[in-house]
Structures are given as structure tokens and as C-alpha cells.
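One-letter residues, chain by chain:
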Amino acid sequence: MAGGSLEDRLAISDLFVRYTTALDRGDVATVVDCFTADAMLESPVIGVIIGRDAIRTFAERFAAQVAGGTQFRHMITNIVAEVEGDRALASAYLLVLITQDGKSRPLPPGRYECEVVKQGGAWRFSRRTVFHDHDYVLEGL
């Protein structure tokens, strides 16, 4: 890990955890707060979206699935951050389990590649790209 204090690296790790657990709970406000106002989010599920309004719409679709009984479990490991001042490149491995109607299935393994910035003392994603090992279909999102 390059640069940055232990406190900054822990705060970036916490950002990943807050984001994934908020998605799993359907907590739209926390998901949105994990991003800068002009953030870009790219994933195989949604394509490319930009800005908090688009991210809110994405999070609301996840929340509707959760409210309908679908359980998502985003598991992240191997979080690493290369911090330089108030900016960092950060990544993590990703595994998502989905339970619907009493049946569970994993999505293909993947990873997050992110740019994060520190604003007002808090780290937020300015760019988050999701990669999976192969294509898949995710109904309802």
C-alpha cells in the first residue's frame, strides 16, 4: 500500500463495507452517501450511470428487490488502497449470493476497481467499476 495513514486505509475499507451492507439491507440513503455528487458507477447489471440521482435510482431498484423478499449478500475480501493525499485507488474481490424463494445462487466471482476521494473528512467513491469473471443475467434490476 502506498501512502496514506492507517486511519485513511481503514476508512476506505469501511467505505466498501458500508456500501455493500447498505445494498444488502436496501438502505438507499447510505448507498447514495457512499458516492460523490458526480460519481460514476459501472457494472454489468446497470451499464454506466453518473451522479447521485442515477445512483439513487439504482439503489432503489435493489431496495425494491429486498422489500420483495430477495436477500443479497455482497461479500468483499482483499481490500487494498493506494492512498495519495485525499485521493486513492482501491480494489476488492467480490462474491454475491442471492436468495429468492428459498433458493440461493452465487453470481460469478468478480472485483471492484474504484477511485475514492476524501471530502469533508469522509471517503467516498468517485468512480466504481464492477467486473465479473463471466456474463450473467440478474432479473429485476
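Residues numbered from 1 in each chain as written. Predicted model: local features only at pLDDT ≥ 70, side-chain atom pairs only at ≥ 80, totals over all residues. Heavy atoms only, no water.

Participant: Help me understand helix 3 (residues 52–67) in this model?
Facilitator: An α-helix turns once per 3.6 residues; consequently, residues spaced three or four apart project the same way. With 16 residues, helix 3 ought to run about 22 Å at 1.5 Å a step, and its terminal C-alpha atoms sit 22 Å apart, in line with that. Taken residue by residue, helix 3 has Ile 55, Phe 58, Ala 59, Phe 62, Ala 63 and Gln 65 as its buried positions. Viewed along the axis of helix 3, the buried residues span an arc of 155°, placing them on a single side of the element. Exposed and facing more than 90 degrees away from the buried side of helix 3 are Asp 53 and Ala 67. Taken together, the buried residues of helix 3 touch helix 1 (6–25), helix 2 (28–33), strand 1 (35–43), strand 2 (47–50), strand 3 (71–84) and strand 4 (87–100). (Helix = DSSP H or I, 4+ residues; strand = E, 2+ residues; numbered from the N terminus. Expected span 1.5 Å × (residues − 1). Buried < 20%, exposed > 50% of the residue type's maximum accessible area, 1.4 Å probe, protein only. Arc of directions from axis to C-beta. Contact = heavy atoms within 4.5 Å.)

Participant: Help me understand the pattern of salt bridges in this model?
Facilitator: Any two side chains of opposite charge can pair, given that their charged atoms come close. In this structure the tally under the stated criterion is six salt bridges. Between Asp 8 and Lys 118 there is a salt bridge whose closest N-O contact spans 2.9 Å. Of the two residues, Asp 8 sits in helix 1 while Lys 118 sits in strand 6 (residues 110–119), which places them 110 residues apart along the sequence. By relative accessible area, Asp 8 is classed as buried at 10%. For Asp 14, the salt bridge is made with Arg 18, and the minimal N-O distance between the two is 3.0 Å. Placement of both Asp 14 and Arg 18 in helix 1 is noted, with a separation of four residues, approximately one turn of the helix. A residue is classified by how much of its surface remains accessible, and Arg 18, at 27% relative accessible area, is partly exposed. (Salt bridge = Lys/Arg side-chain N within 4 Å of Asp/Glu carboxyl O.)

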